[in-house]
Amino acid sequence: MVPYRNAAGGPPARRIPGSHLSMNLETKRTKIRYLRRDDLEDFYAFRSDPEVCRYQGYDPISRRSAVEFIESLQGKEFGTAGEWVQLGVVLKETGRMIGDVGLKPELDVRVVEFGISFSPDFQGRGLASEAVGATMDHLFDRYHVHRVIGSVDVDNVACIRLMERLGFRREAHFRNSFFDHGVWRDEYLYAVLDNEWRR
Ligand SMILES: CC(C)(COP(=O)(O)OP(=O)(O)OC[C@H]1O[C@@H](n2cnc3c(N)ncnc32)[C@H](O)[C@@H]1OP(=O)(O)O)[C@@H](O)C(=O)NCCC(=O)NCCS
């Protein structure tokens, strides 16, 4: 992939145009916004759960790493090539954070990768679909992103269902593409384009 240059052949764009836009989103049951320091307890609770990490290539987070991770995100805004930002998904009913959505523009910043983790207590209710759907709407409609991708362990049925429910297409099957808990794992690559996205 090559960096995105504007039509006049200007310098490579390191940031998505308009990436200063607000990231405060709202769905019927959730609010979505950048991760904050006071999310620590909720974030740590589900990111330290082995079930949540099972297919994600990382170990349950320690409290110290959770503090450092949240701290490292403060002041970061979505839109820089190669840089992840993390959004917290908050249940309106309780004001507690129940999941997170990560976003990272690729070298060509019109292509964005996403990742998602939800607390097991709030899975199976359509809340993750609701949150990812609203985030995709925002990326396509406001940031004019061209393509959103997600990679998933071939055994991660819940995440595969989530992406297919939302209209992502399976584009590739990568063999032994990441090393997780002592074994090589296969992944599917899913993608959806701007002109394919439901609106
Ligand atoms: C991936 C993950 C976020 C998916 O969460 P989820 O809760 O399954 O997704 P949803 O919130 O969309 O819930 C969907 C389920 O709720 C059901 N549901 C219940 N009420 C619903 C409603 N009002 N609207 C939509 N679906 C509803 C659906 O039927 C669906 O069940 P099904 O999968 O058996 O068909 C979650 O499994 C997770 O956090 N896993 C651990 C981290 C991880 O592996 N992340 C992915 C890395 S690639």
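Everything below is about the structure shown above.
Bear in mind that the values here come from a model prediction, so they are computed numbers and not experimental data.

Colleague: Any chance you could explain the site of the ligand here in plain terms?
Modeller: Taken together, the neighbourhood of the ligand is formed by 20 residues, with Gln123, Gly126, Ala128, Ser129 and Ala158 sitting nearest. Going through the elements one at a time, strand 5 (111–118), helix 4 (127–141) and helix 5 (157–166) are the ones with two or more residues in the shell around the ligand. Classifying every residue of the shell around the ligand gives 10 nonpolar, 8 polar and 2 charged.

Colleague: Where do I start with the nonpolar core in this structure?
Modeller: Here is a general trend for soluble globular proteins: nonpolar side chains tend to be buried in one another's company. Judged by nonpolar contacts, the single largest core of 37 residues is most densely connected at Val89, Val101, Ala128, Ala131, Val132, Leu139 and Val148. Going through the elements one at a time, helix 1 (40–47), strand 3 (85–91), strand 4 (97–105), strand 5, helix 4, strand 6 (147–153), helix 5 and strand 8 (183–193) are the ones with two or more residues in this core. Considering each element in turn, this core owes the most residues, 7 residues, to helix 4.

Colleague: Even after reading the chapter, I still don't get unusual backbone geometry, so can you show me in this structure?
Modeller: Backbone phi values are negative for most residues with the exception of glycine, while trans is the configuration of most peptide bonds. A positive phi is found at His144, a non-glycine position, where the angle reads about 55°. Relative to the assigned elements, His144 resides in the loop between helix 4 and strand 6. His144 sits in the exposed class, given 12 other C-beta atoms within 10 Å. Phi is positive for His181, close to 50°, though the residue is something other than glycine. Topologically, His181 is positioned in the loop between strand 7 (169–180) and strand 8. Given 11 C-beta atoms within a 10 Å radius, His181 is considered exposed.

Colleague: Can you walk me through the packing of helix 1 against helix 3 (residues 63–73) in this structure?
Modeller: Helix packing geometry: the angle between the two helix axes and the distance between the axes. Interhelical geometry of helix 1 versus helix 3 gives an angle of 125° and a closest axis separation of 10 Å. On the basis of the axis angle, helix 1 is oblique to helix 3. Crossing angle aside, the handedness with which helix 1 passes helix 3 is right-handed. Counting all contacts with helix 1, which are made through Leu40, Phe43, Tyr44 and Arg47, the residues of helix 3 involved are Arg63, Ala66, Val67 and Ile70.

So, how was this worked out
The residue count restarts for each chain, going from 1 along the sequence in the order it is written. Since the coordinates come from a predicted model, pLDDT governs what is reported: local features require at least 70, and pairs of side-chain atoms require 80 or more to be given and counted, while whole-chain, interface and lining totals use all residues. A molecule or strand has a residue near it when that residue's C-beta atom, placed from backbone coordinates, lies within 6 Å of it. To qualify as a helix, a DSSP run of H or I must reach at least 4 residues; to qualify as a strand, a run of E must reach at least 2; elements of each kind are numbered from the N terminus. We call Asp, Glu, Lys and Arg charged. Ala, Val, Leu, Ile, Met, Phe, Trp, Tyr, Cys and Pro are nonpolar, and the rest, Gly among them, are polar. To count as a nonpolar core, a set of buried Ala, Val, Leu, Ile, Met, Phe, Trp, Tyr and Cys residues must be joined through C-beta atoms within 7 Å. Here exposure depends only on C-beta density: within 10 Å of a residue's C-beta, 20 or more other C-beta atoms make it buried, 12 or fewer make it exposed, and intermediate numbers make it partly exposed, the C-beta atoms being placed from the backbone. Here, axes are lines fitted to C-alpha atoms. For helices the fit covers the stretch in contact, and angles between N-to-C directions go from 0 to 180 degrees. The cut-offs work like this: below 35 degrees is roughly parallel, past 145 is roughly antiparallel, 65 to 115 is roughly perpendicular, and the gaps in between are oblique. Crossing handedness is read from the near helix: turned anticlockwise from the far helix by less than a right angle, it gives a left-handed crossing, and turned clockwise, a right-handed one. Whether two residues are in contact is decided by their C-beta atoms, placed from the backbone, lying within 7 Å.

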